[in-house]
Amino acid sequence: MTKKKLQSIRGIHDGLPSQVRQWRMIEDAAKKVFTSYAFSEVRLPILEPTELFVRSVGEKTDIVSKEMYAFEDQGGDHICLRPEGTAGAVRAYLQAGLTRAGAQRWFYMGPMFRRERPQKGRLRQFQQIGAEFFGVSGPIEDAEILAMAQRFLDVLGIKQTRLEINTLGCETCRPAYRDALLVYLQARREQLCETCHERMDTNPMRVLDCKVESCQAALKQAPEMLHQLCDVCETHFEGLKAGLDTLDVKYELNPRIVRGLDYYNRTAFEFITDQLGAQGTVLAGGRYDGLVESLAGPATPAIGFAAGIERLAMLLPEAEAKSLDVAVVALGEQTLHHALIQAAKLREAGLSVVFCGGGSAKRQFKMADREQARFVVTVGEDEMKAEMLMLKNLNTGEQAQVSFAQVVAAVGETKAC
Ligand code: ATP
Ligand code: MG
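Computed from a predicted structure; not experimentally measured.

## Some remarks on the overall build of the chain
Line of reasoning, step 1. Scanning the chain for helices and strands turns up 15 helices and 16 strands.
Line of reasoning, step 2. Dimensions of the chain along its principal axes, counting C-alpha atoms only, are 90 × 65 × 45 Å.
Line of reasoning, step 3. Counting the 417 residues in the chain, one finds 50% classified as buried.
Line of reasoning, step 4. Sequence separation of at least 24 residues holds for 69% of the intrachain contacts in the chain that already meet a minimum separation of 6.

Below, the structure written as structure tokens:
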């Protein structure tokens, strides 16, 4: 009888050591940069009431209407695996009663779930790093949060992205724009795809975001929000651009950026790369001044963004730091325990160490090679008697008999980050 192999769910992947090493680099960079902007980490639940997303992300959005993993649990509660982080952050902010505690700067990282069609860069379980800034309304804060996102990408050495910004207006100026857009779209209905037809009924601005080429061609002359802003939105947008110029954050205007969720207003932005095809947006966000109030809180302006960890990982520069510092080789049976102690002491000194287990020298050196250690420390009888260690740099081939302290210094000196 053949046994059927067990497989993970389509679009849901394991994080194996080489991937997790990259994810940790990304997470470490986020922690470092966001903390320098005085953002604090929050850890929020993965399961949330389904209603939270229906009310915030919007019933008619793709995420809520088609992509949520939502179900009724054994107690009859309607819950779902969170598809994004902002709604949960707002819920937590309100539930903790922080609305009078002054501006809150939060960041989070963790898995999100969307039942999308799996493809490169589009998964059903993926990870996001997000930041939310509650209680600030000015364009200067928008510029700062964009500078923070840019710094995060810079620290990671990701150079192939461009920042595109747009403004979505507000309740005062958007309705008239929407109407004008709808008139334009209706005149070109035939040239637009099925999905665009649906969006014309639910949220016409989302038509602008359609990835179908023939739709984009039909949208060439579409009216732009940029040209129909009320005075307040106009001033805000000018302030944002001036702030970005001051902070030397390069950007391009893209009147097509609308974001897929209902709650955004004014500033919207995406960091985009041409290297990941249709999955080119690696970090995206915007201002969502109405969301806290719509979830039954006091009127609270806010802005945030989220980046996909897996997409960022695909853009990381090749040179991946080897994680193993030292492989310890024991030559001859008498040295086994002495070498074992040296391995333990090297770990206490902060190095990552594999003990090759003694026995055949050939097998141990082969193991050191396979483990991709940067250095090999060999303990032979001579070294044991002299209280020295043989240190070999596997990158350069250099070898010398040195003291324990010299091993720690030499290996530590060449350690990445
Ligand atoms: P896209 O236009 O690519 O579908 P989105 O607008 O749905 O993106 P957001 O909801 O703004 O994306 O999420 C922010 C970031 O999270 C995206 O820019 C992307 O890097 C990442 N992301 C979103 N959905 C997925 C997914 N299914 N798989 C992997 N990463 C994703
Ligand atoms: Mg999407």
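Continuing now.
## Focus on the site of ligand 1
Line of reasoning, step 1. In the vicinity of ligand 1, 15 residues are found, and the nearest of them are Arg114, Glu116, Arg122, Leu123 and Arg259.
Line of reasoning, step 2. Within the backbone of Val282, one N or O atom sits 3.2 Å away from an oxygen atom of ligand 1.
Line of reasoning, step 3. Its free accessible area being 590 Å², ligand 1 has 91% of it covered by the protein chains.
Line of reasoning, step 4. Those elements that place two or more of their residues in the shell around ligand 1 are strand 6 (125–134), strand 10 (281–287) and strand 11 (302–308).
Line of reasoning, step 5. Per element, the largest residue contribution to the shell around ligand 1 is four residues, and it comes from strand 10.

## Observations regarding the pattern of salt bridges
Line of reasoning, step 1. One pass over the structure, following the stated rule, counts 17 salt bridges.
Line of reasoning, step 2. As a salt-bridge pair, Glu41 and Arg43 come within 3.3 Å of each other at their nearest N and O atoms.
Line of reasoning, step 3. For Arg91, the salt bridge is made with Glu48, and the minimal N-O distance between the two is 2.7 Å. Here Arg91, found in helix 4 (residues 86–95), pairs with Glu48, found in strand 2 (residues 47–49); they are 43 residues apart in sequence, far enough to count as distant.
Line of reasoning, step 4. Via salt bridges that share partners, Arg162, Glu164, Glu252 and Asp274 belong to a single interconnected network.

## Description of a positive patch on the surface
Line of reasoning, step 1. Together, Lys362, Arg363, Lys366 and Arg370 make up a region of like positive charge exposed at the surface.
Line of reasoning, step 2. You can see Arg370 is positioned in helix 13 (residues 361–370).

## Looking at the environment of Gln221
Line of reasoning, step 1. The residue Gln221 is located in the loop between helix 8 (213–218) and helix 9 (231–246) in this model.
Line of reasoning, step 2. Gln221 gets classed as exposed once you look at its relative accessible area, which sits at 63%.
Line of reasoning, step 3. Spatially, the C-alpha atom of Gln221 lies 8.8 Å from that of Tyr184, the residues being 37 residues apart in sequence.

## Notes on the sheet that holds strand 2
Line of reasoning, step 1. Strand order across the open sheet formed by three strands is 2-4-3, with antiparallel pairing between neighbours. Each end of this open sheet is capped by a strand with a single partner; those strands are strand 2 and strand 3 (69–72). Averaged over all pairs of adjacent strands, the angle between their axes in this sheet comes to 35°, without regard to strand direction.
Line of reasoning, step 2. One ladder, built from four bridges, connects strand 3 with strand 4 (residues 78–81); its direction is antiparallel. Opposite Tyr69, over in strand 4, you have Leu81 as the bridge partner.
Line of reasoning, step 3. Along the sheet, helix 2 (residues 50–58) makes contact with strand 2, strand 3 and strand 4, crossing strand 2 at roughly 70°.

## As for the packing of aromatic side chains
The geometry of an aromatic ring pair is captured by two quantities: the separation of the ring centres and the angle between the planes.
Line of reasoning, step 1. Evaluation of the coordinates by the stated rule reveals 10 aromatic pairs.
Line of reasoning, step 2. With a centroid separation of 5.5 Å and an interplanar angle of 75°, the aromatic rings of Phe34 and Phe107 are classed as edge-to-face. Taken together, the positions of Phe34 in helix 1 (residues 17–36) and Phe107 in strand 5 (residues 104–113) put the pair 73 residues apart, joining distant regions of the chain. Note on accessibility: Phe34 and Phe107 belong to one class, buried.
Line of reasoning, step 3. One aromatic cluster in this structure is built from Tyr93, Trp106, Phe134, Tyr263, Tyr264 and Tyr288.
Line of reasoning, step 4. Across the ring face of Tyr184, the terminal group of Arg188 is positioned such that the distance to the ring centre comes to 3.6 Å.
Line of reasoning, step 5. Looking at Lys345, its charged tip hangs above the ring of Phe404, at a distance of 4.8 Å from the centre.

Procedures and definitions
Residues numbered from 1 in each chain as written. Chains lettered and ligands numbered in written order. Predicted model: local features only at pLDDT ≥ 70, side-chain atom pairs only at ≥ 80, totals over all residues. Heavy atoms only, no water. Helix = DSSP H or I, 4+ residues; strand = E, 2+ residues; numbered from the N terminus. Buried < 20%, exposed > 50% of the residue type's maximum accessible area, 1.4 Å probe, protein only. Contact = heavy atoms within 4.5 Å. Near = heavy atom within 4 Å. Polar contact = N/O pair within 3.5 Å; in protein donor to acceptor, adjacent residues only side chain to side chain. Areas by Shrake-Rupley, 256 points an atom, 1.4 Å probe, with all protein chains shown as cover. Salt bridge = Lys/Arg side-chain N within 4 Å of Asp/Glu carboxyl O. Patch = residues over 30% accessible without salt bridge, like charges linked within 9 Å, V, L, I, M, F, W, Y side chains within 5 Å. Lys, Arg positive; Asp, Glu negative; His and termini not counted. Charge placed at Lys NZ, Arg CZ, Asp CG, Glu CD. Pairing = 2+ DSSP bridges. Axes fitted to C-alpha atoms, helices over the stretch in contact; angles between N-to-C directions. Phe/Tyr/Trp six-rings, centres within 6.5 Å; stacked < 30°, edge-to-face > 60°. Lys NZ or Arg CZ within 6 Å of the ring centre and 35° of its normal.

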